[in-house]
Amino acid sequence: MFKLKVEHFDIEQICHSGQCFRIKENTRGYFEVIAFGQYLELKQEGDIVTFLCSEEDFYTYWNWYFSLDEDYDEIVKQIDHNDQYMLTAMEYGSGIRILKQDLWEMIISFLISQQNNIQRIQKCIQTICEKYGEKKFNSYGEAYYAFPTPKALSLPTEQALRDCNLGYRAKYIQRVSKAIASGEFSLETLPSLSYEEAKNELLKLYGIGIKVSECICLYGLHHLDAFPVDTHIKHVLDENYKDGFPFERYRGVAGVFQQYAFYYDLKPKNQTNKPSSQ
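Residues numbered from 1 in each chain as written. Predicted model: local features only at pLDDT ≥ 70, side-chain atom pairs only at ≥ 80, totals over all residues. Heavy atoms only, no water.

By the element assignment, Ser67 lies in the loop between helix H2 (55–65) and helix H3 (72–76). Given a relative accessible area of 0%, Ser67 falls into the buried group. Ser67 has contacts with Arg97, Ile98, Leu99, Lys100 and His222, leaving out every residue within four places of it along the chain. (Helix = DSSP H or I, 4+ residues; strand = E, 2+ residues; numbered from the N terminus. Buried < 20%, exposed > 50% of the residue type's maximum accessible area, 1.4 Å probe, protein only. Contact = heavy atoms within 4.5 Å.)

Below, the structure written as structure tokens:
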């Protein structure tokens, strides 16, 4: 068990922020996370977070995964004091951090996300993990599943993938998995590329368009300039930034502010206050 005081961190907000699909609250009252083949439970009371792992595992995996080494005080200070919408959105979702997630998992996750809702995305990902991922066991003896490797997802037929409720996305996943498993497309080179270079490389993969490539850049490569535009963000831009989003002012952190806006736009229309932390 490892306890830490963390500001600008709310595991419940992160869980529901739309950037991750393998975090959920369990029956023990903890949030459980599966990432990099590891299993974690954590709980939060105010700004004290309890990680049910060793200090070594915390610093090996979870400090990095949750971007806890990033100074969000400095990031939020960059919001223009005249940008009332972003100030409100940030206050509402002030516990959200952009996670540093596995690149391969983000490619498949956001291929699945196309024309889909969060609940269905989570179910599809759980299904492919159970069918094609490595079975592991947590400290309670409960089974969990690592995310399938490119090779594991390159072997099933398109119909077998469709049977995982992937629909038309099955052909994207099959072809992308084969391209990466065969070495036709290299994931290893992407982290060394600039944001624009990485985005252009990702667009070469079958089924990946602008929005999905932006999501992968933001959540899988941690390019904080990436700015995915879906229906929620388009609504935000149309309603609040009629003269255009201030990308120049928010250079280097626009993706963080996109996440605040996305989460704020998802809130129930009759809810005006920030959700309470655990």
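Before going further, it helps to spend a moment on the pattern of salt bridges. Applying the stated criterion across every chain yields a total of twelve salt bridges. A salt bridge links Arg28 to Glu142; its shortest N-O distance comes to 2.8 Å. Here Arg28 is found in the loop between strand E2 (23–25) and strand E3 (31–35), whereas its partner Glu142 is found in the loop between strand E6 (135–137) and strand E7 (143–145), with 114 residues between them in sequence. When its relative accessible area of 29% is taken as the criterion, Arg28 is described as partly exposed. For Glu142, a relative accessible area of 34% gives the class partly exposed. Its salt-bridge partner being Glu248, residue Arg251 comes within 2.6 Å of it at the nearest N-O pair. Accessibility classification places Arg251 together with Glu248 in one group, the exposed group. What you see here is one network of salt bridges that share partners, running through Arg28, Glu41 and Glu142. (Salt bridge = Lys/Arg side-chain N within 4 Å of Asp/Glu carboxyl O.)

With that out of the way, let us pick up the packing of aromatic side chains. As enumerated under the stated definition, the model contains 28 aromatic pairs in all. Ring centres of Phe36 and Tyr65 lie 6.2 Å apart, and the angle between their planes is 85 degrees; on these two criteria the pair is classed as edge-to-face. Of this pair, Phe36 sits in the loop between E3 and strand E4 (38–45) while Tyr65 sits in helix H2, placing them 29 residues apart in sequence. Accessibility expressed as a relative area gives 3% for Tyr65, which makes it buried. Taking the centre distance of 6.3 Å and the plane angle of 50 degrees together, the rings of Tyr61 and Trp62 count as tilted. Take Trp62: its relative accessible area is 2%, and that puts it in the buried class. Site record: aromatic cluster; members linked through ring pairs are Phe2, Phe9, Phe36, Phe51, Phe58, Tyr59, Tyr61, Trp62, Trp64, Tyr65 and Phe66. Its end group placed over the ring of Tyr140, Arg28 keeps NZ or CZ at 3.6 Å from the ring centre. (Phe/Tyr/Trp six-rings, centres within 6.5 Å; stacked < 30°, edge-to-face > 60°. Lys NZ or Arg CZ within 6 Å of the ring centre and 35° of its normal.)

In this section: H2. One turn of the α-helix equals 3.6 residues, which is why residues spaced by three or four share an orientation. Looking at H2, one finds that the buried residues are Phe58, Trp62, Asn63 and Tyr65. Each buried residue of H2 sits inside an arc of 145 degrees when the element is viewed along its axis, so together they form one side. Tucked into the core, H2 has its buried residues touching strand E1 (2–5), E2, E3, E4 and strand E5 (48–51). Backbone geometry just downstream of H2 places Ser67 in the positive-phi region, at approximately 55 degrees. (Arc of directions from axis to C-beta.)

Time to look at the sheet that holds E1. If you walk across this open sheet you meet the five strands as E1-E5-E4-E3-E2, and the pairing is antiparallel. Each of the sheet's edge strands pairs with one partner strand only, and the pair in question is E1 and E2. For this sheet, the mean inter-axis angle between neighbouring strands, taken without regard to orientation, is 25 degrees. (Pairing = 2+ DSSP bridges. Axes fitted to C-alpha atoms, helices over the stretch in contact; angles between N-to-C directions.)

Before going further, it helps to spend a moment on the environment of Leu4. Here Leu4 shows up in strand E1. When its relative accessible area of 23% is taken as the criterion, Leu4 is described as partly exposed. In this view, Leu4 contacts Asp47, Ile48, Val49, Phe51, Phe58 and Leu68; residues no more than four positions away in its chain are not counted.

All right, on to the pairing of E5 then. Examined bridge by bridge, E1 and E5 share four bridges and lie antiparallel to one another. Each residue of the ladder has a partner; that of Leu4, found in E5, is Val49. Relative to E5, E4 is paired through four bridges, and the arrangement is antiparallel. By the bridge assignment for E5, Glu45 is matched with Ile48.

This part is about the nonpolar core. Judged by nonpolar contacts, the single largest core of 73 residues is most densely connected at Ile107, Phe257 and Tyr260. Not counting residues up to four positions away in its chain, the partners in contact with Phe257 are Ile75, Gln78, Ile79, Met86, Phe245 and Tyr250. (Core = buried A, V, L, I, M, F, W, Y, C linked by side-chain atoms within 4.5 Å.)

When you line up the elements, Gln259 lands in helix H13 (residues 254–266). Sequence spacing of Gln259 and Glu130 is 129 residues, and the spatial spacing of their C-alpha atoms is 29 Å. Not counting residues up to four positions away in its chain, the partners in contact with Gln259 are Ser17, Gln19, Ile96, Ile98 and Tyr219. A distance of 2.6 Å separates a polar side-chain atom of Gln259 from the backbone oxygen of Ser17. (Polar contact = N/O pair within 3.5 Å; in protein donor to acceptor, adjacent residues only side chain to side chain.)

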